[in-house]
Amino acid sequence: MARQLVGVALLTLVMAACSSTPIDTTEQSSTESDLGSVNLPLTTTVKDGTVYHLKAATFTITGVALAAPRVVSPPVDEGVHNEPLPVGAYSILLSKGWVLEKRGPAEKAFTPVTAQLVTPNPLGFTVDGKLPADAFFGFVTSSGDVSLGQGSVNIRIGVADCSAYDTYTAALGALTADCRGTVDPRDYKVNADGFLVPTFDFCQNDPTQGAMMREIRQLLSLQYRSARLPFGKQCMAGRYDAYLQKFAGAGVEVCPTWKKERVVNPITDAVISRAIKMMPPLGKDDGTTPAVLELLKENSIYSVSLDANTKNRCETPAACAQLCAGAFPGFVLAGEGSSVLTDPAAWLSSNTYTPPTPDPYLRAGYFHPMSYYGGAPGVQFGTYARFDPCGGEICPPEACSYFAGIHLKTQLQKDCLDKANIDTCVSYCGNALP
């Protein structure tokens, strides 16, 4: 069965002009026009008619605009609970004791399902009176992928909001260059459901008979993990589509061909020896960015070239290559003449190791410092190869760090949308999945 990601407690706030004066939940002297409202969706129906419901949910909302924490326990038969709130910054905590249950289309009663809370708890949100705010409590079960409420369909995500996804788009750009021998934004499209998909079904430069194509599909499967990556669809497909429209007027008829010349910083045993000495301390976050993150970026230099008769408006092959690669934020660091420098992260490497060649990432004392990337909570997903670095369970998954109020160390887990389809599998760093 496929794992299920459930985006619960989507906070959709429809605000009027609000007072910032703290109010008591039991003695509200404000009129309704002074208050906005928070909707807590607790029920959803997926395509096959199955209904999911969060039962016995108790939410505690805190914020400077409240005189005391507000405890909300929606009635058991309520699909969406509405709660008034003034303008301000808030935190919402889902207390222990909740039960996720489902009812199939042919069933009369709900039955509990095993579920694991995988998103930060508590979650922060802001009521500003201008735009709706969204927050997600995400769960993983063994039953599929679904989100409660309307998700983030009405949210407009800017470039800054999507920067945490650059590590994934950079890895996708690197795979595309190696697969196709070029990077052309027209090689992908956004389908009718709003997801980014390739317009090709094989890799011309793949000596592994399908592995590269599989890795591309695995990275694209991140868009469907809506609980743990609530903006994955917008930040991957949405940004790509916006760039594709911009690229149409860039004057690039043909994108350059790419050839990898060398890896600037290959991850070797010597590099890992240095990294072990620089590993950040686990535990409480101090807000600093560990220097080891730069050491673990496996930069590559590609030579790029164009046919002499190509009628592009860009002045050099590198300039054209950068324009073509702009659909993959975070991928190209720099370009000059006929060379470009790229920048993927270690836990998104597709490198595998065949014994007796050892996997350097399995050295004692090393872990992928994923929770430190971009500041806490960091990132949670790596390539499938980092779970299965030697192929066929010959060696164990690599270690990583995740953030749960503090930085913790664990092993990467296999995370599939469909266990029978390896194209949907990546590695995941976090609490144990059910």
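Scroll up to find the structure.
Residues numbered from 1 in each chain as written. Predicted model: local features only at pLDDT ≥ 70, side-chain atom pairs only at ≥ 80, totals over all residues. Heavy atoms only, no water.

Asks: Any chance you could break down the pattern of salt bridges for me, citing the residues and the numbers?
Replies: By the definition in use, this model includes 10 salt bridges. A salt bridge links R239 to D166; its shortest N-O distance comes to 3.0 Å. Residue R239 is found in helix α3 (residues 232-247), and its partner D166 is found in helix α1 (residues 166-180); the two are separated by 73 residues along the sequence. Each member of the pair R239 and D166 is classed as buried. A salt bridge links K297 to E294, with the shortest nitrogen-to-oxygen separation between them at 3.4 Å. Connected through shared salt-bridge partners, R225, R228 and D415 make up one network. (Salt bridge = Lys/Arg side-chain N within 4 Å of Asp/Glu carboxyl O. Helix = DSSP H or I, 4+ residues; strand = E, 2+ residues; numbered from the N terminus. Buried < 20%, exposed > 50% of the residue type's maximum accessible area, 1.4 Å probe, protein only.)

Asks: So, the sheet that holds strand β5 (residues 51-55): which residues are in play, and what are the values?
Replies: Here 4 strands make up an open sheet; going across it, the order is β4-β5-β10-β11 and the pairing antiparallel. Each edge of the sheet is formed by a strand with only one pairing partner; in this case those strands are β4 (43-45) and β11 (111-112). Pairing between β5 and strand β10 (residues 99-103): 5 bridges, direction antiparallel. Looking at β10, one finds that L54 is bridged to L100. (Pairing = 2+ DSSP bridges.)

Asks: Residues and numbers for the sheet that holds strand β9 (residues 88-94), please.
Replies: Within the open sheet, the 4 strands sit side by side as β7-β6-β9-β13. Their pairing is antiparallel. Only two strands of the sheet have a single partner each, and these edge strands are β7 (70-72) and β13 (123-127). For this sheet the average axis-to-axis angle between neighbouring strands, irrespective of direction, equals 25°. Inspection of the sheet shows β9 paired to β13 by 5 bridges, in the antiparallel sense. Within β13, the residue paired with S91 across the bridge is G124. (Axes fitted to C-alpha atoms, helices over the stretch in contact; angles between N-to-C directions.)

Asks: Please provide a residue-by-residue account of the environment of T169, values included.
Replies: If you trace the backbone, T169 turns up in helix α1. A sequence separation of 159 residues divides T169 from F328, and the C-alpha atoms of the two residues are 5.0 Å apart. Excluding anything up to four places from it in sequence, T169 contacts R239, F328 and P329. A polar contact is formed between the side chain of T169 and the backbone oxygen of P329, at a distance of 2.5 Å. (Contact = heavy atoms within 4.5 Å. Polar contact = N/O pair within 3.5 Å; in protein donor to acceptor, adjacent residues only side chain to side chain.)

Asks: Which residues make up the side chain of T383, and what values go with them?
Replies: As for its position among the elements, T383 is in the loop between β21 (381-382) and α7 (384-387). One polar contact links the side chain of T383 to the main-chain carbonyl oxygen of S349, over a distance of 2.6 Å. With residues near it in sequence (within four places) discarded, T383 still touches W347, L348, S349, S350 and S427.

Asks: Describe in detail helix α2 (residues 211-220), supporting the description with residues and values.
Replies: Summarising burial for α2: 8 of the 10 residues are buried, a large majority. Listed as buried for α2 are A211, M212, M213, E215, I216, Q218, L219 and L220. Turning to α2, the residues buried within the fold contact α1, β15 (188-190), β16 (196-198), α3, α7 and β25 (425-428).

Asks: Can you explain the packing of aromatic side chains? Please cite residues and give values.
Replies: As enumerated under the stated definition, the model contains 13 aromatic pairs in all. Consider the rings of Y361 and Y366, whose centres lie 5.8 Å apart with planes at 35°: the pair is tilted. Since its relative accessible area comes to 1%, Y361 is described here as buried. For the ring pair F381 and Y428, a centre distance of 5.4 Å and an interplane angle of 45° mean the geometry is tilted. With F381 in strand β21 and Y428 in strand β25, this residue pair connects regions lying 47 residues apart in the sequence. Exposure class is identical for F381 and Y428. Each is buried. Within the aromatic cluster, the residues linked to one another by ring pairs are Y188, F200, Y240 and F328. Over the ring of Y428 we find R228, and its NZ or CZ is 4.4 Å from the ring centre. Positioned over the ring face of F195 is K233, at 4.4 Å from the centre of the ring. (Phe/Tyr/Trp six-rings, centres within 6.5 Å; stacked < 30°, edge-to-face > 60°. Lys NZ or Arg CZ within 6 Å of the ring centre and 35° of its normal.)

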